[in-house]
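# Summary of the model geometry
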Amino acid sequence: MRITFVKKIKADGNPCRKCAEVQARLEKDGYIDKIDHTIIADERDENSEGMQLAKQHMVDRAPFFIVEHESGDTNVYTIYFKFVKEVLNGDTNEQDAAKDILDANPDLDYI
Amino acid sequence: MSTSEFNPERLANEYDSQSPESIIKLAFDSFDNIAISFSGSEDVILVDMATKIRSDVKVFSLDTGRLHAETYRLIEQVREHYSIEIDVLSPDTETVQDLVRTKGLYSFYKDGHKECCGIRKGVPLRRKLATLSAWITGQRKDQSPDTRDGVPVVERDAAFSTSDNNLIKFNPLSNWTSSQIWEYIRTNGVPFNALHEKGYISIGCEPCTRPVLPNQHEREGRWWWEEATQKECGLHSDNLKK
């Protein structure tokens, strides 16, 4: 299994806050060593590797994880707690999981 | 029907141009373990439509503890008007106390609304949905100009489904506009939130909701201080389209 972590540089050149938060959680939770590659999606450069991966996998949010299995199957995760649970067999607390869901689904603001 | 036999993609196409009442009927015909999410706003018409189809509808509301008095009054009015039970869900006391103790009562103005929403709304909602096979929401396509994927009238709920529970979400009002909602409210004498008479369109928690001016989008009445960072997580669509 090969895991790619894609994080974003915003159009103004600053790093994405959510991406930094997820990276900090990966480190705090002890999962950072499970990441094989970290790639930048630079909004100032549509040809940056991360932007191309987003296009290829039809992802419109960052950060996201690409998980390539030996079987050839590929899964993409935009919600950190789901990635941790389903790929790393780990767990996150309820508050973080709920916040991850809301972050990834702005339409839920209206529930 | 079990959720594994249900084909949301096919039904989303089939029902996309059908009335909200038809979509609610489809939901009730397909699932017994189903409930309506009622926020105390314009989604009140879901309750009106649903109770005309069957009397034993299950309704739940998320009481964040920060709602307007007018919203609490509407929830109570709806309970009495339709003679239904409303499951009013509260956040965990301890978690809210931790947030307030460490970050104060208005942390969302500085840190963004998602942390507070996660605690006061997200956790209780996630717990509730874990007990259901399907739910019905008042989400509409025209509510957020930033929503790229649209809101299908029925979908597998990718956010809240788990390995044990393939949750289905119905959005019967997806294709309706605000004017259609209000025509229905007036025509059918549906009780509504008194805040709408004071210029509010979208209604959430009191500190995070404000009235808007004529022709302002309803989104501008919610988390207005976050405008610059709302697209924080989005990958700029203009770039991705190229």
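Computed from a predicted model, the values in this text were never measured in an experiment.

### Here we look at the overall build of chain A
Regarding its fold elements, chain A presents four helices and four strands. Each helix (α) and strand (β) of chain A, taken in turn from the N terminus, gives the series β-α-β-α-β-β-α-α. On C-alpha atoms alone, chain A measures out to a radius of gyration of 14 Å, which is about the 13 Å that the 2.2 N^0.38 rule sets for 111 residues. Taking the principal axes of the C-alpha coordinates as reference, chain A spans close to 40 × 35 × 25 Å. Looking at chain A as shown, the accessible area adds up to about 5300 Å², and 42% of this sits on carbon and sulfur atoms. Each charge sign in chain A was given a centre, from 15 positive and 23 negative side chains, and these centres are 3 Å apart.

### Describing the interface of chain B and chain A
Every contact between the two is made by 45 residues of chain B and, on the other side, 34 residues of chain A. Across the pair Glu94 of chain A and Arg127 of chain B runs a salt bridge whose closest N-O atoms are separated by 2.5 Å. The set of elements that each furnish at least two residues to the side of chain B that touches chain A consists of α7 (114-129) and α9 (237-241) of chain B. The leading source of residues in the side of chain B that touches chain A is α7 of chain B, at eleven residues. Considering only residue class, the side of chain B that touches chain A consists of 13 nonpolar, 16 polar and 16 charged.

### Overview of the packing of helix α5 (residues 93-103) of chain B against α7 of chain B
Residues and elements named next belong to chain B. For the pair α5 and α7, interaxial distance at closest approach is 9 Å and the crossing angle is 155 degrees. As judged from the angle between their axes, α5 and α7 are roughly antiparallel. The element α5 and its partner α7 pack so that their crossing is left-handed. Residues Thr95, Val96, Leu99, Val100 and Lys103 of α5 lie in contact with α7, whose contacting residues are Glu115, Cys116, Ile119 and Arg120. Taken together, the residues of the contact of α5 with α7 break down into five nonpolar, one polar and three charged.

### Some points on the pattern of salt bridges
Summed over the entire model, instances satisfying the criterion amount to 30 salt bridges over all chains. Where Glu218 of chain B meets Arg140 of chain B, a salt bridge forms, and the shortest distance between an N and an O atom there is 3.3 Å. Remark: Arg140 of chain B occurs in the loop between β4 (134-136) and β5 (154-156) and Glu218 of chain B occurs in the loop between α8 (178-188) and α9; sequence separation between them is 78 residues. Of the two residues, Glu218 of chain B and Arg140 of chain B, neither departs from the other in class, the shared state being buried. Several salt bridges converge on common partners, so that one network encompasses Lys18, Glu21, Arg25, Lys99, Asp100 and Asp103 of chain A.

### Description of helix α3 (residues 44-53) of chain B
Residues and elements named next belong to chain B. Along α3, seven of the ten residues are buried, which leaves the element largely enclosed by surrounding structure. Inspection of α3 places Val44, Ile45, Leu46, Val47, Asp48, Met49 and Ala50 among the buried residues, and these make up the whole buried set. Packed against the buried residues of α3 are α2 (20-30), β1 (34-37), β2 (59-62), α4 (69-81), β4 and α8.

### Topic: α4 of chain B
Residue and element names in this part refer to chain B. Over its 13 residues, α4 runs 18 Å from end to end, which matches the ideal 18 Å to within 8%, given 1.5 Å per residue. Along α4, the residues that are buried comprise Glu70, Thr71, Leu74, Ile75 and Val78. Buried positions in α4, seen along its axis, are confined to an arc of 145 degrees and lie on one side of it. Residues of α4 that are exposed and point more than 90 degrees away from the buried face comprise Arg73 and Glu80. Contacts from the buried residues of α4 go to α3, β2 and β3 (86-89).

### Considerations on the confidence of the model for chain A
Close inspection of predicted coordinates is inappropriate in any region flagged by low pLDDT. Confidence in the prediction of chain A, expressed as mean pLDDT, is 92, and 100% of residues score 70 or more. For chain A, per-element mean pLDDT is lowest for helix α4 (residues 94-104) of chain A, which scores 88, and highest for strand β3 (residues 64-68) of chain A, which scores 97.

### Remarks on the sheet that holds strand β1 (residues 2-9) of chain A
Residues and elements named next belong to chain A. In space, the four strands of this open sheet follow the order β2-β1-β3-β4, with mixed pairing throughout. Lying at the two open borders of the sheet, with one neighbouring strand each, are β2 (37-42) and β4 (74-77). Strand after strand, the sheet turns through a mean of 20 degrees between neighbouring axes, direction not considered. Running at roughly 90 degrees to β2, helix α2 (residues 49-56) makes contact with β1, β2 and β3 of the sheet.

### Structural notes on unusual backbone geometry
Excluding glycine, most residues fall at negative phi; most peptide bonds, likewise, are trans. A cis amide bond links Ala62 of chain A to the next residue, Pro63 of chain A, at an omega of 0 degrees. Relative to the elements of secondary structure, Pro63 of chain A occurs in the loop between α2 and β3. You will see that Ser83 of chain B, though not glycine, has its phi angle at about 50 degrees, which is positive. Mapped onto the fold, Ser83 of chain B is located in the loop between α4 and β3. Overall, Ser83 of chain B belongs to the exposed group, its relative accessible area being 64%. Despite not being glycine, Asn215 of chain B has its phi angle at roughly 70 degrees, a positive value. Mapped onto the fold, Asn215 of chain B is located in the loop between α8 and α9.

Conventions and cut-offs
Residues numbered from 1 in each chain as written. Chains lettered and ligands numbered in written order. Predicted model: local features only at pLDDT ≥ 70, side-chain atom pairs only at ≥ 80, totals over all residues. Heavy atoms only, no water. Helix = DSSP H or I, 4+ residues; strand = E, 2+ residues; numbered from the N terminus. Rg over C-alpha atoms; globule rule 2.2 N^0.38 Å. Areas by Shrake-Rupley, 256 points an atom, 1.4 Å probe, with all protein chains shown as cover. Lys, Arg positive; Asp, Glu negative; His and termini not counted. Charge placed at Lys NZ, Arg CZ, Asp CG, Glu CD. Contact = heavy atoms within 4.5 Å. Salt bridge = Lys/Arg side-chain N within 4 Å of Asp/Glu carboxyl O. Nonpolar A, V, L, I, M, F, W, Y, C, P; charged D, E, K, R; others polar. Axes fitted to C-alpha atoms, helices over the stretch in contact; angles between N-to-C directions. Parallel < 35°, antiparallel > 145°, perpendicular 65-115°, else oblique. Left-handed = near helix turned anticlockwise from the far one by under 90°. Buried < 20%, exposed > 50% of the residue type's maximum accessible area, 1.4 Å probe, protein only. Expected span 1.5 Å × (residues − 1). Arc of directions from axis to C-beta. pLDDT = per-residue confidence, 0-100. Pairing = 2+ DSSP bridges.

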